[in-house]
Amino acid sequence: METFNKLTSMLLHALETREPTVDLLDSFVDHWKSITNYYIETTDDSRPVKQTEIPWRLRQMLDILVYEEKQQGVEETGSCLEYLLQHKLLETLCTLGKAQYPPGMCQQVLVFFSKFLSQMQKSLLQLINVYRPVQKLIRLCALPGSKTEKEEAQFLLVVSSRVKQDPHVLRYVLELLDQPAAGTPASDQSQLREQASNQRAESPLPSSQSDSSASSPVQSEASTCSPVQSEASTCSPVQSESSLLLCLLQLTKSQRGSVCLKAYQSLLLLAGLQSGCSGEILAHQTQLGELLAGRLVELYSLLPLESLDPAELHSWPHTAWSSQFSRCSSESPASDHMTNFFCWFDFLDHLMREAPEVLAVQVARCVRQSWLVDVLQPQLQNTCEQVVLLSTSVLCAAVRLVQSASLLDQLIHFLLRTHTLTHLLLQRCDHISDQISMVSLSLVEELLQKPHRDILDVLVLNNLQSRGYVSPLAAGQDDRHTESNEESDDLEEDLFFFSDSLFSDSQHLLPPPLCSSSAPPPPPPAPSGHGSAADVVNSFLCLVPVQVRSAQLLQEGGYESYVHDAHTLVTECQSLSQSWDWPLSLPPSSSSSGEESNFFEGHLLKVLFDRLGRILEQPYELNLKLTAVLSRLSSFNHLLLHEYLLNPYIHLSHGSRSLFSVLIRVIRELMQRIQQVSNLTDRLLDTRRHLLGLNHNTGLEHLTLLRGVIVLEEFCKELAAIVFVKLPLDQQ
């Protein structure tokens, strides 16, 4: 009896363990042989694959593989999987899919590969009998006239997801197994990659690359170049074309939103790899940066520049890259092209924020070279005003929309480190065309809102560092002096010729407490002998004579109405510059030796002051933009900016000017010109009502002058509010 029980137990154990394995393998092999027998027995070449048993057989094989893995655990390799690998079933399926026999077989193979890679828990892409078929199948994707875009996009997304899970398989998917050469030391490899990066960043890309790189494999001999040949070769020694990246870029052009979206997601998955040396591989051993930048150039070339509205371009709202898949297609073709361009720009910006720094920098350099230098710079230097206007508008929008630190670096490098271009763009703030001046000022304003220290350094601070605007005779003098020596007497009269009523009304009253709960930024220390904060505030408030003020006629507030906005602006500028470690004391003046120095305020301040000097004869909108730029500059808590722009008591060196001295000259001109305007008070009141939308009937005579007077009055109040916020009176 005991022997019988042992025999029964052995039989049951065999049924529970051995038999299912044998059944699974037999069933798996049977399904595979049924597929192969179809090709042996069938003579009908035109019968679609969906009318055969092949799709069902493939589903059964996949179910068996998944079930077997669950039964045996991820660490073990089941017999069915071993059979698939040893007999190279994936290779065979890839060949059948490429032959499209029976018709539609490629679609079935793509579906099988997608489910196989996504449902199997094991990491399989490092196995040669897996990654080789995957590489071959990738090459079959995104071909012209493909009818399987949906399945291709899903397959590539699954491959990218597996790489995200197992970053070490990136080389296998990108076909970079033989690079770099095993005998090359790691330090040499790093140096070679850096040389290759510099070559790509400094040398212009071929003009045809942007048109062809996204749709066809880029012709490169990188895979055959050896590290020893790197210095003599024009191609990168470690750079290789990647079918995966080329296919994904091609699928981003698909007309099907779901396909396009998956291609975008796949690129983000690959670019976002943070582990190991994934970023270096993508940056230096693939053409990802060139391909992405080339697509941007391609989309930019589709913009119908001759029919675009510059104002719409430079004020283009932030367009999230994913929004293009949910928008309706009822827009005009021009709007569609602009949306596509700015969506791709946002995608690149998002990709660079997510990518490792080495990859983000490489992509940004490619964008600078391919788009900014090769395409946009010639347009910015064009002699046609329309081309200049539109290209500057696009650049203005790009600066406003960029968020990636790497891309911002390259934009700043392009705008401020290209000397001839920088000078040209700043000169255009005072262009004969008001439109070009307007968009150029907008570009400066957008730059001043970016968290990049070089912007203020290059545009303003480098020129003020010497403090050559301070007179060598200023030491120890406390008298009020605001202009160059040759005009000092006249300007002293200008300050006080208005009348005692300048100091009447409520101009000396303290403004109400700030509404904001946050404390105002810490004020820069005021130089001794330069007047209290109340004196500085009243200096700006008293600039505009009472007889040309019109705000009180409509019961509008004084400068107190600007305090809240000024606090917001100063706080914003402080948050931008918080990490820039600005000095806490003024540098010594270059003229402290007693000798006059030739001071130049810089190209930006020169055009701003020149424009401000003509505020009474310029269009209203241009004056608003001009004063907005000056107000933002004045709001930064740098001691040099505060002294030069907001201190009316500095003693200017011969031939120098400051913001306050320019305003005095404008006021002097204003007092001469208003003599020609009859009924000045009524005309100013009507003009202010017209600007507020309260009166639609206003005369055209002296309209520009009257609007200029109103802007000047409001600008002085705004400056007074900025001074108050930066130098609170209760701290003096």
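For the structure, check the block above.
Scope of this entry: the structure provided in the associated data block.

**Quick look at the pattern of salt bridges**
Phase 1 of the analysis: As enumerated under the stated definition, the model contains 25 salt bridges in all.
Phase 2 of the analysis: With a closest N to O distance of 3.0 Å, D610 and K606 form a salt bridge. With a gap of 4 residues between them, D610 and K606 both fall in helix 26 (residues 603-613), about one helical turn apart.
Phase 3 of the analysis: You can call K606 partly exposed: its relative accessible area is 36%.

**Section: the nonpolar core**
For soluble globular proteins, nonpolar side chains are generally found buried alongside one another.
Phase 1 of the analysis: Counting 210 residues, the largest nonpolar core has F116, F155, W371, L456, F540 and L663 as the members making the most contacts within it.
Phase 2 of the analysis: The element contributing the most residues to this core is helix 31 (residues 703-726), with 15 residues.
Phase 3 of the analysis: Discounting chain neighbours no more than four positions away, the residues touching F540 are L645, L646, F660, L663, C716, L719, A720 and V723.

**So, the environment of H690**
Phase 1 of the analysis: Relative to the helices and strands, H690 is located in helix 30 (residues 680-691).
Phase 2 of the analysis: It is 9.9 Å that separates the C-alpha atoms of H690 and R707, two residues lying 17 residues apart in sequence.

**What about unusual backbone geometry?**
Phase 1 of the analysis: Of note, the bond from Y101 into P102 is cis; its omega dihedral lies within 30 degrees of zero at -5°.
Phase 2 of the analysis: Relative to the elements of secondary structure, P102 occurs in the loop between helix 4 (89-99) and helix 5 (105-119).
Phase 3 of the analysis: Residues other than glycine seldom take positive phi values, yet K88 does so here, at roughly 50°.
Phase 4 of the analysis: At A142, a position not held by glycine, the phi torsion is positive, near 60°.
Phase 5 of the analysis: A residue is classified by how much of its surface remains accessible, and A142, at 13% relative accessible area, is buried.

Calculation criteria
Residues numbered from 1 in each chain as written. Predicted model: local features only at pLDDT ≥ 70, side-chain atom pairs only at ≥ 80, totals over all residues. Heavy atoms only, no water. Salt bridge = Lys/Arg side-chain N within 4 Å of Asp/Glu carboxyl O. Helix = DSSP H or I, 4+ residues; strand = E, 2+ residues; numbered from the N terminus. Buried < 20%, exposed > 50% of the residue type's maximum accessible area, 1.4 Å probe, protein only. Core = buried A, V, L, I, M, F, W, Y, C linked by side-chain atoms within 4.5 Å. Contact = heavy atoms within 4.5 Å.

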